[in-house]
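So the chains spell out like this:
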Amino acid sequence: MAKKTYNEKLHSADALPKIEDLSGQPEAVKRYGGAKMLIAAPMQYNEIMSQIPEGKVITMDRVRAKLAQQAGADFTCPLTAGIFVNICAQASGERAENKISGNTIPEDAIPWWRTLKTKGELNEKYPGGIDAQKLLLAVEGHTVIQRGKRYFVQDYEKHLAEL
């Protein structure tokens, strides 16, 4: 069986989105502040990520909160969120590789580099790793700073997009 491309993964939602009831897991309810956990579909993340305008950024926790609110859930699964955001970024990278001619970015590419981890941290799993994300953010006027081995957008809070 051939390995799926990221674009195939992006479009294969199976039975998603769905809301899981975690009321029988008091530790999870306490940790996340509720029992209704949304497992969103990859395309739901892709839709939000595609709407972040140039010069703005968004953090994963804000994306997750927006999706949970839209679905009437208490929170969104953090594990699948990280996986699906990476799928969105990689799928966009695949489309770009297949369609770039000259310096033209394909219309269906999404600005994945504008979606940061919580607290404004860059994501090493994105296409091209930290270096690519740093470059794309710098082109849009953001300053990236290093703290230890990790990289962050300086004053990211001032550049948050409204959802």
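Scroll up a little and you will see the structure.
A brief structural summary. Everything quoted here is computed from the prediction, not taken from an experiment. (Residues numbered from 1 in each chain as written. Predicted model: local features only at pLDDT ≥ 70, side-chain atom pairs only at ≥ 80, totals over all residues. Heavy atoms only, no water.)

### So, the nonpolar core
Membership of the largest hydrophobic core comes to 34 residues, with the highest contact counts inside it found for Tyr45, Met49, Leu67, Trp112, Leu116, Leu122 and Leu137. Breaking this core down by element, the ones donating at least two residues are helix H3 (42–50), helix H4 (60–71), helix H5 (78–99), helix H6 (129–139) and strand S7 (150–153). With 6 residues, the next largest nonpolar core counts Leu22, Ala28, Ile39 and Phe75 among its residues. (Core = buried A, V, L, I, M, F, W, Y, C linked by side-chain atoms within 4.5 Å. Buried < 20%, exposed > 50% of the residue type's maximum accessible area, 1.4 Å probe, protein only. Helix = DSSP H or I, 4+ residues; strand = E, 2+ residues; numbered from the N terminus.)

### Things to note about the side chain of Asn123
Its place among the elements puts Asn123 in the loop between strand S5 (115–116) and H6. Taking relative accessible area as the criterion, Asn123 reaches 10% and is therefore assigned buried. In this structure Asn123 touches Lys117, Gly129, Ile130 and Gln133, once residues within four positions along its chain are discounted. (Contact = heavy atoms within 4.5 Å.)

### Section: the packing of aromatic side chains
Tallied over the entire structure, the rule returns 4 aromatic pairs. Among the aromatic residues, those joined into a cluster by ring pairs are Trp112, Trp113 and Tyr126. Over the aromatic face of Tyr6 sits the side chain of Lys9, whose NZ or CZ is 4.9 Å from the ring centroid. Over the face of the ring belonging to Phe152 we find Arg147, whose NZ or CZ atom lies 4.5 Å from the ring centre. (Phe/Tyr/Trp six-rings, centres within 6.5 Å; stacked < 30°, edge-to-face > 60°. Lys NZ or Arg CZ within 6 Å of the ring centre and 35° of its normal.)

### Looking at the pairing of strand S2 (residues 36–39)
Of the strand pairs in this sheet, strand S1 (residues 18–21) and S2 are connected by 4 bridges, and their pairing is antiparallel. Bridged to Lys18 within S2 is Ile39. Both S2 and strand S4 (residues 75–76) contribute to a ladder of 2 bridges, which runs parallel. When the bridges of S4 are listed, Leu38 appears paired with Thr76. (Pairing = 2+ DSSP bridges.)

### Here's the deal with H6
If you check which residues of H6 are buried, you get Gly129, Ile130, Gln133 and Leu137. Relative to the axis of H6, the buried residues are bounded by an arc of 105° and lie together on one face. Along H6, exposed side chains directed more than 90 degrees from the buried face belong to Asp131, Leu135 and Val139. Gly141 lies just past H6 and shows a positive phi near 95°. (Arc of directions from axis to C-beta.)

### As for the pairing of S7
Pairing geometry for strand S6 (residues 144–147) and S7, over 4 bridges, is antiparallel. From the neighbouring strand, Gln146 faces S7, where its bridge partner is Tyr151. Between S6 and S7, which follow one another and run antiparallel, lie 2 residues, and Gly148 among them has a positive phi close to 65°.

None of the figures reported here should be taken as evidence of function without further support.
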